[in-house]
Amino acid sequence: MDEKRCWFCRRGRRELLEELPDGFWDEQQEMFFDVEVIGRVSGVDKVRPGDVPHSRRFRRKGAPEDEVHAFDDKRFAIVGRKCSKVSVCRICRSLETAITSISEDGRGAVPYRAIYPPTAEEMAVARYWEKYRSEEKKLEADYPDDAYRVLLAIQRMYVGAPITLWDLSQEMNVFNHRSLERPVSHLLEQLPGLGMLDRKTLTVYMNEGKEGMSMIEELVERYEDFYRQRDVSVAVPEAPARSYEVLAKIRKLNYSDDGRYSKW
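### Notes on the overall build of the protein
For the protein, the helix and strand inventory stands at eight helices and seven strands. Evaluated residue by residue, the protein yields a buried proportion of 38% over its 264 residues. In the protein, of all internal contacts separated by at least 6 residues, the share reaching a separation of at least 24 is 61%. For the protein, the exposed area adds up to about 17,000 Å²; of that, 52% sits on carbon and sulfur atoms.

Here it is, written out as structure tokens:
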């Protein structure tokens with residue numbers, strides 16, 4: 001097994017004992033500290049179930065070992081950053097001002113030390129967030145709510161026979177049946193082979209038999225997976241039950257028309 005060495009001075013235990021006077025070291029105390037150093041921004045994502053609404057570092061379940069995350073209240077998002085664990089000897093710990101807050105015994109939770117100040121990474125966070133929002137908007141356009149409602153109505157009505165837009169409008173309580181032409185066309189484009197729309201008669205001819213029903217169910221499952229991924233539930237360990245509720249209200253205030261506070 002490789003001997004532990006200081007990340008700064010590269011000395012191991014043997015060098016530290018030999019290069020310093022006899023009796024210099026207290027053998028009852030650790031000679032090395034473990035420190036996790038945080039580097040550049042690696043990505044920005046929306047808040048997901050299990051995330052925590054505070055700026056302290058945490059590790060997402062299933063995230064890479066070399067990444068840590070923190071809540072960004074400005075964007076109501078989760079920011080990922082690269083990190084790496086390094087060993088620092090007691091001498092370098094005493095000399096290096098960037099890590100002076102390490103506990104004296106060198107044990108317990110591994111502390112974090114960021115190598116970039118928060119102001120330096122703001123542009124990187126903003127850039128990742130803009131990229132994420134662009135991808136989100138594209139997905140929302142691919143899975144619109146109106147198309148999902150039409151798809152569920154088709155699933156309920158499908159018996160192998162053609163379905164007119166008028167029949168769909170009656171099923172969905174939609175006043176103008178022609179307004180369903182766009183979401184129906186979107187569904188047929190999403191899953192080629194599902195069927196075709198006769199624009200003269202406004203009739204949908206679906207793939208017949210079990211294959212047609214399985215294709216409808218497949219598309220329904222894709223929509224449901226998309227909507228499940230957008231469920232947000234923020235865990236608040238050892239915090240009042242209203243914490244997330246308050247955060248959500250603050251977020252809404254940030255997007256209010258006049259920017260003024262209103263009663264909760």
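### Considerations on the packing of helix α4 (residues 145-157) against helix α5 (residues 165-172)
Helix-helix packing is described using two parameters, namely the angle between the two axes and the distance between the axes. Contact geometry of α4 with α5 gives a least axis separation of 10 Å together with a crossing angle of 100°. Judged by the inter-axis angle, α4 sits roughly perpendicular to α5. Two secondary-structure elements touch here, α4 through R149, V150, A153, I154, R156 and M157 and α5 through D167, L168, E171 and M172. Looking at side-chain class alone, the contact of α4 with α5 contains six nonpolar, no polar and four charged residues.

### Quick word on the packing of aromatic side chains
Here the structure, examined in full by the defined rule, presents ten aromatic pairs. Look at W129 and Y132: their rings are 5.3 Å apart centre to centre, the planes differ by 25°, and that puts the pair in the stacked class. Placement of both W129 and Y132 in helix α3 (residues 118-142) is noted, with a separation of three residues, approximately one turn of the helix. Judged on exposure class, the residue W129 and its partner Y132 are both buried. Members of the aromatic cluster, each reached through a chain of ring pairs, are Y143, Y148, Y223, F226 and Y227.

### Side note on the environment of Q190
Summarising the element assignment, Q190 is placed in helix α6 (residues 181-190). In this structure Q190 comes out as buried when scored by relative accessible area, which is 15%. Placed 48 residues apart in sequence, Q190 and D142 show a C-alpha to C-alpha distance of 8.1 Å. If near-sequence neighbours (up to four positions away) are discounted, Q190 is found in contact with D142, Y143, L219, R222 and Y223. A polar side-chain atom of Q190 sits 2.6 Å from a polar atom in the side chain of Y223.

### Comments concerning the side chain of D72
Examined against the element boundaries, D72 turns out to sit in strand β2 (residues 67-72). Dropping the residues within four chain positions of it, D72 is found in contact with A77, V79 and V125.

### Considerations on the sheet that holds strand β7 (residues 203-206)
In spatial order, the strands read β5-β7-β6; together these three strands make up an open sheet with antiparallel pairing. For this open sheet the edge positions go to β5 (163-164) and β6 (195-198), each flanked by a neighbour on one side alone. Sheet topology note: the β6/β7 ladder contains four bridges and is antiparallel. What sits directly across from L197, in β7, is V204. Contacts from α6 reach β6 and β7 within the one sheet, and its direction differs from that of β6 by about 150°.

### Thoughts on α5
One turn of the α-helix equals 3.6 residues, which is why residues spaced by three or four share an orientation. By the burial criterion, the buried members of α5 are L165, L168, S169 and M172. In a view along the axis of α5, the buried residues occupy a sector of 100°, so they form one face of it. The inward-facing, buried residues of α5 abut α4, β5, α6, β6 and β7. Count one or two residues on from α5 and you reach N173, which has phi positive near 60°.

### Side note on the pattern of salt bridges
As enumerated under the stated definition, the model contains 18 salt bridges in all. When the shortest N-O distance is used, the salt bridge between D51 and R60 registers 2.7 Å. A salt bridge links D66 to K82, with the shortest nitrogen-to-oxygen separation between them at 2.9 Å. Here D66 is found in the loop between β1 (32-46) and β2, whereas its partner K82 is found in strand β3 (residues 77-89), with 16 residues between them in sequence. The structure contains a network of salt bridges with shared partners spanning R5, R14, E15 and E18.

### Comments concerning α6
Of all ten residues that make up α6, eight are buried, and the element is covered over most of its length. Every buried residue belonging to α6 is among E181, P183, V184, S185, H186, L187, L188 and Q190, and all of these are buried.

Basis of the calculations
Residues numbered from 1 in each chain as written. Predicted model: local features only at pLDDT ≥ 70, side-chain atom pairs only at ≥ 80, totals over all residues. Heavy atoms only, no water. Helix = DSSP H or I, 4+ residues; strand = E, 2+ residues; numbered from the N terminus. Buried < 20%, exposed > 50% of the residue type's maximum accessible area, 1.4 Å probe, protein only. Contact = heavy atoms within 4.5 Å. Areas by Shrake-Rupley, 256 points an atom, 1.4 Å probe, with all protein chains shown as cover. Axes fitted to C-alpha atoms, helices over the stretch in contact; angles between N-to-C directions. Parallel < 35°, antiparallel > 145°, perpendicular 65-115°, else oblique. Nonpolar A, V, L, I, M, F, W, Y, C, P; charged D, E, K, R; others polar. Phe/Tyr/Trp six-rings, centres within 6.5 Å; stacked < 30°, edge-to-face > 60°. Polar contact = N/O pair within 3.5 Å; in protein donor to acceptor, adjacent residues only side chain to side chain. Pairing = 2+ DSSP bridges. Arc of directions from axis to C-beta. Salt bridge = Lys/Arg side-chain N within 4 Å of Asp/Glu carboxyl O.

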